[in-house]
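Descriptive structure summary
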Protein chains: 4
Amino acid sequence: MQLKNDFNTVRKRSMHICAPLKTEDYVVQPVVDVSPPKWHLGHTTWFFETFLLKPHFPGYKEFDPNYNFVFNSYYETVGARVIRTDRGNLSRPAVEDVMRYREHVDKAMLSFLDTPLSDELRTLVVLGLNHEEQHQELLYTDIKYILGHNPLMPAYADTAVDTYQTPASDEPFVQMEAGLYDIGYKGDGFCFDNELGRHTVYLQQYSIATQLVTNAEYLEFMEAGGYTDFRHWHAEGWDWVKTNEVRAPLYWHHVDGQWQQYTWQGLQPVNGNDPVCHISYYEATAFASWKGLRLPTEFEWEAASAQFSWGQRWEWTESAYLPYPGFVKAPGAIGEYNGKFMVSQMVLRGSSEVTPPNHSRATYRNFFHPGLRWQFTGIRLAK
Amino acid sequence: MQLKNDFNTVRKRSMHICAPLKTEDYVVQPVVDVSPPKWHLGHTTWFFETFLLKPHFPGYKEFDPNYNFVFNSYYETVGARVIRTDRGNLSRPAVEDVMRYREHVDKAMLSFLDTPLSDELRTLVVLGLNHEEQHQELLYTDIKYILGHNPLMPAYADTAVDTYQTPASDEPFVQMEAGLYDIGYKGDGFCFDNELGRHTVYLQQYSIATQLVTNAEYLEFMEAGGYTDFRHWHAEGWDWVKTNEVRAPLYWHHVDGQWQQYTWQGLQPVNGNDPVCHISYYEATAFASWKGLRLPTEFEWEAASAQFSWGQRWEWTESAYLPYPGFVKAPGAIGEYNGKFMVSQMVLRGSSEVTPPNHSRATYRNFFHPGLRWQFTGIRLAK
Amino acid sequence: MQLKNDFNTVRKRSMHICAPLKTEDYVVQPVVDVSPPKWHLGHTTWFFETFLLKPHFPGYKEFDPNYNFVFNSYYETVGARVIRTDRGNLSRPAVEDVMRYREHVDKAMLSFLDTPLSDELRTLVVLGLNHEEQHQELLYTDIKYILGHNPLMPAYADTAVDTYQTPASDEPFVQMEAGLYDIGYKGDGFCFDNELGRHTVYLQQYSIATQLVTNAEYLEFMEAGGYTDFRHWHAEGWDWVKTNEVRAPLYWHHVDGQWQQYTWQGLQPVNGNDPVCHISYYEATAFASWKGLRLPTEFEWEAASAQFSWGQRWEWTESAYLPYPGFVKAPGAIGEYNGKFMVSQMVLRGSSEVTPPNHSRATYRNFFHPGLRWQFTGIRLAK
Amino acid sequence: MQLKNDFNTVRKRSMHICAPLKTEDYVVQPVVDVSPPKWHLGHTTWFFETFLLKPHFPGYKEFDPNYNFVFNSYYETVGARVIRTDRGNLSRPAVEDVMRYREHVDKAMLSFLDTPLSDELRTLVVLGLNHEEQHQELLYTDIKYILGHNPLMPAYADTAVDTYQTPASDEPFVQMEAGLYDIGYKGDGFCFDNELGRHTVYLQQYSIATQLVTNAEYLEFMEAGGYTDFRHWHAEGWDWVKTNEVRAPLYWHHVDGQWQQYTWQGLQPVNGNDPVCHISYYEATAFASWKGLRLPTEFEWEAASAQFSWGQRWEWTESAYLPYPGFVKAPGAIGEYNGKFMVSQMVLRGSSEVTPPNHSRATYRNFFHPGLRWQFTGIRLAK
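Here the structure is a predicted model, which means the values were calculated and not measured.

Side note on the overall build of chain A
Along chain A, the regular secondary structure elements total 9 helices and 11 strands. Relative to the compact-globule value of 21 Å for 383 residues, chain A shows a C-alpha radius of gyration of 22 Å, a close match. The buried share among the 383 residues of chain A stands at 61%. Contacts in chain A between residues at least 24 apart in sequence constitute 78% of all its contacts with a sequence separation of at least 6. Entry remark: accessible area of chain A is about 15100 Å², with carbon and sulfur atoms responsible for 50%. Treating the 33 positive side-chain charges of chain A as one cloud and the 46 negative ones as another, the clouds have centres 4 Å apart.

Okay, here's the thing in structure tokens:
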């Protein structure tokens, strides 16, 4: 019963996120990292059809056999698929077809959830819902990119979504003692395989900031020539700056002598008190270097996470995305979920303004290539 | 009065071509050469607004100043514009916005056409209509590409558009005598600047085919190993074959041991009697070489054009696209129309199944890079 | 006897051209269009070994079977080969090995030339010598590129090679009457297949310059903003200017407020009286457009070639490289010589300061892609 | 005195490594990761000239001011430089010029070492020697690539360099207890900044192999379809396999039904008892996954390094290259040495057959991108 409720809640929320869009907004893919919203809506549906309904619900009638080719993301186990760069080249299935696909699968899933399910299958349903919640975060991220890179810079919504009350705090840094800490998920709820297994690490004494770096602080870095002084940058970060002619966070525009940023309400003056957003790992580490500080490791972050407020920005850490001791891939297609990405990416901790409710926890590990910044990323410093 | 009628006829025809599309089909750009249908609809409208209404119709109110950036194609004179590869990344203006743009401009143009106009302005209106007719041809071409490269291969229309009656002919070749021939447009009607000035050429004796090469003949070439024998190909054509792994005309698919082709009605068996279509210059010359023949020059084609039936396929010639003696660019933006493309392209003569009525004439010069084949191109042989 | 003399003369001249080089200069390939000098020396030798000695000289012992892979340029008929971009990655065969290869083949060829040879084989030897002379021109061209793009800009020779006496002339233009002219090679000597067959063309009345455009005239174009005004450029020429940030001819450097150019003697001030050199087709046509003139066609050039002095620069024409009427490829590997390049290239006429003596004639057709300028190219105007 | 001896020993060893080369072998750069041997010889010399002689040896006369541009590797502090991909395009300075440069700098350095030097300068000299030793390893690595990718596959030396005696060992795995271990360099000798500061880590119980994986074991993986089963690979590793069509370690060739590998003596049959070499991180982890095991972390490796024999192969670890706690960049150009590469690379531990004597220690951290395999890399398993 709870599972049916959760299913309905999550599935409706995806539709709610897309409600302000025009049909055309569902279709485009301005860069390879962004997927068209209709693709997210189809792919999350395909997950339930492919891993639950087709193998486990006798009598289920597949909506359209061609959809496996269109909506498979990266599961080699499940066969051929549209190459990633082609997602924005597909006008069909049309948005209305994808909506009918969702209705078809939702109806079947609700019947399926009325049947007695093994623990293993219930776990798979929960994984499917968490998977859809991850894509909800991506939906927001990709929608912002699609609208924010359109020359007309249309608003997504009229009312503010991203205004913050920076929490008051007496102390800018919390000091943590050297010693042994336990890392990784513990409990009975859902977590991803990359949060297991729980293990002990030894940390040296360190301090971690209670606040995120603000736009005002970041502007100081910019005005001090941060983007033109190679000494603060990794070698490949410096190449990235020069190749892409980067001189400000993503979505910032210098208009009539003033820094503005594209927001859900369109172009707005940059608010100095807001935490800086949409910066790459390269920028985060360059800023930290300029400050004479550093980023925390993901272990330092997790060990101290009860000592500060988080949840506004995905926070870059100085840890590469690698398996925990004892990490084991699940067999079959589900085993392709996390493990195969454990190289050349950096870990982000926390969650962001667009993370679904109840989808964040202190042990959650997000990960991206160091040059990506269309996520709602930010900076917390350590020393 | 005639001009108003022509204006209405042409403008409505663009809408008619797009009528079978879904909103999503208006948006995508699967390869750089293809433009989204809504871009064609906006760009042809922008032409009238930019070159007629804004400079010459006092009191005209521009629909949206941002549209100049979105709908300028390549006119450097008229300012910055969306880079070509980004046309398919734009979800806005939405299709309904583009339709309102068309209505706004159409209404103003009809008022404008009621005022007394100089000959020069009337000529510019006619140019705008011919420009839109060129884009109507591109609309068909691009729509076929968009639908034909979708993994679902949806049909554009239920009824056949491209069935042919190959005209009966007693003689496969017409012989033309050596001598002087006049080339280029002559008359009072509309023509493009690249068809001027009319001039004399000397042609050696030659023969030219009365029929286009058929699918059946082209299949013989394929089955004889035409795509694997470098001897028939230009060096860059051979690279093109290998790089793109070409082994059949565009839209051909080998399904269950049979050659099928994507048509307006979806996937259909290849009809051996139809003239072969969607082939590159490289393929046309390789086929001719395999036959021990050659393509005609554009001058040979024009001089003999009264001797055979044409109009089904754009026909590749062995002539590069270069200015006629005495060619002069028009001043201003209109001067960017043809002259600046006169390098690295080959001339096509005739017209095709998707050419607007009254838009074809024997002196018309179309031109494309030798590797392109999304046009309705075909082969006529000479010797 | 004459053929043996010619053979010795040509083969020695290749060695003479390379005499000023250091071993290292024989090895590198700074851009794909340039081949390492040792490759030219090996490839021209391979031609004689492959097309004459191995098939036609009984008892000939191949120098090293691996060399076919290394020194085949583009003859698909003769098998696999080092890809062009890898030529500069090969340290072996060493220069001394290539010299021994030349000696081995030269010795065999001289014995072979002492035997009675059919006319066909004699013709093939002459083709081999003309082929080597073409590569001698490329040797100069490539050596200049290798040394001129080295940051140390070393001189090739101490004494001047490229000083000119611009011929005095009363009239800047020669006028040619409209009428029929014969084009193509006529005579008993050697010519390439692309100069055949001789045929009649009709030319309109035209005028052609008696002088090449000088550095001083070209500087006027530069100072008038020629490289920043899109109106003078082909669309793809304008892209070429912007992509490559071109603002002067190749080898020109703005040093301490003065234009200098890399010459055989190292960096030297630009001499205003010299004909401009190392410019692309795009630059040549942009200059002509700025002057309100045009380039001649290759037919206009050939018909008037007795009326002016030529031989300092390869001169761009407004003609694309296409087959003459009646052009026939030779069978076998030799047939790959010219015909397969007859697309997407422009014709140059005349010859240059580095053309071997006796290797130039009024009917000679050279050809390059419009963006290349490492050849000794120049501009002659027409109207 | 010891420092002078060390200086002489190290500098002579670079020359000794290059002794078997032909002049041409010093010049080429077949892929961007490989540098021409003459560049290594010049760059290591430039280090002494730039960081010691020019700033600290009054009266030193710079050999050639242009050499800074040619031989600077990546030090932004020291100014503009030849872009990396151009190193193989430079025929000058010639090899003999580089040799004269070495003699010039060696002579000056020996005089300089006779003067009283501060501890800081002595440390800088030692860094320069360790820097040259790193390049000696690269010299071997790059020479093997240059010769091994030449179609003639010439031998580097007649006598065997890389025959191994796999040490006998009773137990395939050593078990290590969970607990605290100290990591990082401790002592008075030389170490790189990335080995500091020494710090405590907590390790779970683990086992580590006493032997490296052999060619015979790796062949089993290949024959079991290891290169065609995506399940063993990281997503980007799988892309790497497909894009590069990888199906064996670098330098392996399947000849006449047998696996051979390019060695210092030319092509030789693969010896099953030798440790596998020249494999990427992707291949190392795929092999481990196929075995149901994993790679050790760099901390596990260092903590257990006294328990097994090492020194034949650089061994991939499962650790990304990141700063140790308390890592501090040195000020100035020397600070660009290691820190700026601490992103997107994996750590290798141990040393290889081409590591200079006395240049290896258990705390040494090498690092490469996961797809590179021209180093002498190998696999040690853990569980």
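Okay, back to it.
Section: the pairing of strand 5 (residues 252–255) of chain D
On any regular strand, side chains alternate: one points to one face of the sheet, the next to the other face. Residues and elements named next belong to chain D. In terms of strand pairing, strand 5 meets strand 6 (residues 258–263) through 4 bridges, oriented antiparallel. Bridge pairing in strand 6 places H253 opposite Q260. Here strand 5 folds back onto strand 6, and the loop between the two strands holds 2 residues, one of which, D256, carries a positive phi near 50°.

Structural notes on the pattern of salt bridges
All names here are of chain B. In this structure the tally under the stated criterion is 68 salt bridges over all chains. A salt bridge links R349 to E302; its shortest N-O distance comes to 2.9 Å. Taken together, the positions of R349 in strand 9 (residues 346–350) and E302 in helix 9 (residues 298–304) put the pair 47 residues apart, joining distant regions of the chain. The buried category is assigned to R349, whose relative accessible area is 0%.

Some thoughts on the domain arrangement of chain A
By a widely used convention, the size of an interface equals the accessible area lost when the partners come together. Residues and elements named next belong to chain A. Looking at the assigned domains, one finds that chain A contains domain 1 (2–148) and domain 2 (173–378). Each of domain 1 and domain 2 has a C-alpha centre, and these two points are 27 Å apart. Listed by partner, the interface residues are 28 residues for domain 1 and 27 residues for domain 2. In total, domain 1 and domain 2 occlude about 2600 Å² of area from one another, counting both sides; carbon and sulfur atoms represent 64% of this. For the pair domain 1 and domain 2, the interface holds 0 salt bridges. The interface formed by domain 1 and domain 2 holds 8 residue pairs in polar contact (both at pLDDT 80 or more) in total. When residues of the side of domain 1 that touches domain 2 are traced back to their parent elements, those giving at least two are helix 2 (37–56) and helix 5 (119–148). Here the side of domain 1 that touches domain 2 gets 18 residues from one element, more than from any other, and that element is helix 5.

Topic: the packing of aromatic side chains
Tallied over the entire structure, the rule returns 144 aromatic pairs over all chains. Relative to W316 of chain B, the ring of Y281 of chain B has its centre 5.7 Å away and its plane inclined at 65°; by these criteria the two rings are edge-to-face. Here the residue Y281 of chain B occupies a position in helix 8 (residues 281–291), and W316 of chain B occupies one in strand 8 (residues 314–320), the gap between them amounting to 35 residues. The exposure class assigned to Y281 of chain B is buried, which follows from its relative accessible area of 1%. Site record: aromatic cluster; members linked through ring pairs are Y218, F221, Y227, W233, F287 and W290 of chain A. Taking the ring centre of W39 of chain A as reference, the NZ or CZ of R87 of chain A above it sits at 3.6 Å. Cation over ring: K144 of chain D sits above Y251 of chain D, and NZ or CZ is 5.0 Å from the ring centre.

Digging into the relation of the copies chain C and chain D
Mapping chain C onto chain D is achieved by rotating through 180° and translating by 0.1 Å along the same axis, at an RMSD of 0.1 Å. The symmetry that links the two subunits is that of a two-fold axis. Relative to the rotation axis, the closest C-alpha in chain C is found at E24 of chain C, a distance of 3.0 Å. With an isologous cut-off of 70% or more, the 100% of interface residues of chain C that recur at the interface of chain D puts this contact in the isologous class.

Structural notes on the packing of helix 6 (residues 215–223) of chain A against helix 8 (residues 281–291) of chain A
Residues and elements named next belong to chain A. Put simply, helix 6 and helix 8 touch, their axes get as near as 11 Å, and they point 80° apart. With respect to each other, helix 6 and helix 8 are oriented roughly perpendicular. Residues E217, Y218, E220 and F221 of helix 6 form the contact with helix 8, whose own contacting residues are E283, A286, F287, W290 and K291.

Quick notes on helix 1 (residues 2–18) of chain B
All names here are of chain B. With 17 residues, helix 1 should reach 24 Å at 1.5 Å per residue; the first-to-last C-alpha distance of 25 Å fits that figure. Of the positions making up helix 1, those classed as buried are L3, F7, V10, R11, S14, I17 and C18. All buried residues of helix 1 project into a common sector of 120° when viewed along the axis, lining one side. Those residues of helix 1 that are exposed and aimed more than 90 degrees away from the buried face are Q2, T9, K12 and H16. At its buried positions, helix 1 is contacted by helix 2 (37–56), helix 4 (95–113) and helix 5 (119–148).

Quick notes on the interface of chain A and chain B
With 29 residues of chain A at the interface, the matching set in chain B holds 29 residues. Contact with chain B buries area across many residues of chain A, yet E24, R92 and L152 of chain A alone supply 29% of it, more than any other trio. Scanning the region where chain A abuts chain B turns up 4 salt bridges. Put simply, E96 of chain A and K22 of chain B hold a salt bridge, and the shortest N to O gap is 2.9 Å. Along the contact surface separating chain A from chain B lie 11 residue pairs in polar contact (both at pLDDT 80 or more). Of all the elements in the fold, those that place two or more residues in the side of chain A that touches chain B are helix 3 (67–71), helix 4 (95–114) and helix 5 of chain A. Along the lines of polarity and charge, the residues of the side of chain A that touches chain B split into 16 nonpolar, 7 polar and 6 charged.

Details of the relation of the copies chain A and chain B
When chain A is fitted onto chain B, the two copies agree to an RMSD of 0.1 Å after a turn of 180° and an axial shift of 0.1 Å. When the interface residues of chain A are mapped onto chain B, 100% of them again lie at the interface, so the same face is used by both copies.

What counts, and at which threshold
- Residues numbered from 1 in each chain as written.
- Chains lettered and ligands numbered in written order.
- Predicted model: local features only at pLDDT ≥ 70, side-chain atom pairs only at ≥ 80, totals over all residues.
- Heavy atoms only, no water.
- Helix = DSSP H or I, 4+ residues; strand = E, 2+ residues; numbered from the N terminus.
- Rg over C-alpha atoms; globule rule 2.2 N^0.38 Å.
- Buried < 20%, exposed > 50% of the residue type's maximum accessible area, 1.4 Å probe, protein only.
- Contact = heavy atoms within 4.5 Å.
- Areas by Shrake-Rupley, 256 points an atom, 1.4 Å probe, with all protein chains shown as cover.
- Lys, Arg positive; Asp, Glu negative; His and termini not counted.
- Charge placed at Lys NZ, Arg CZ, Asp CG, Glu CD.
- Pairing = 2+ DSSP bridges.
- Salt bridge = Lys/Arg side-chain N within 4 Å of Asp/Glu carboxyl O.
- Domains from an automatic or database assignment.
- Buried area = accessible area lost by both parts, 1.4 Å probe.
- Polar contact = N/O pair within 3.5 Å; in protein donor to acceptor, adjacent residues only side chain to side chain.
- Phe/Tyr/Trp six-rings, centres within 6.5 Å; stacked < 30°, edge-to-face > 60°.
- Lys NZ or Arg CZ within 6 Å of the ring centre and 35° of its normal.
- Least-squares fit on C-alpha atoms with pLDDT ≥ 70 in both.
- Axes fitted to C-alpha atoms, helices over the stretch in contact; angles between N-to-C directions.
- Parallel < 35°, antiparallel > 145°, perpendicular 65-115°, else oblique.
- Expected span 1.5 Å × (residues − 1).
- Arc of directions from axis to C-beta.
- Nonpolar A, V, L, I, M, F, W, Y, C, P; charged D, E, K, R; others polar.

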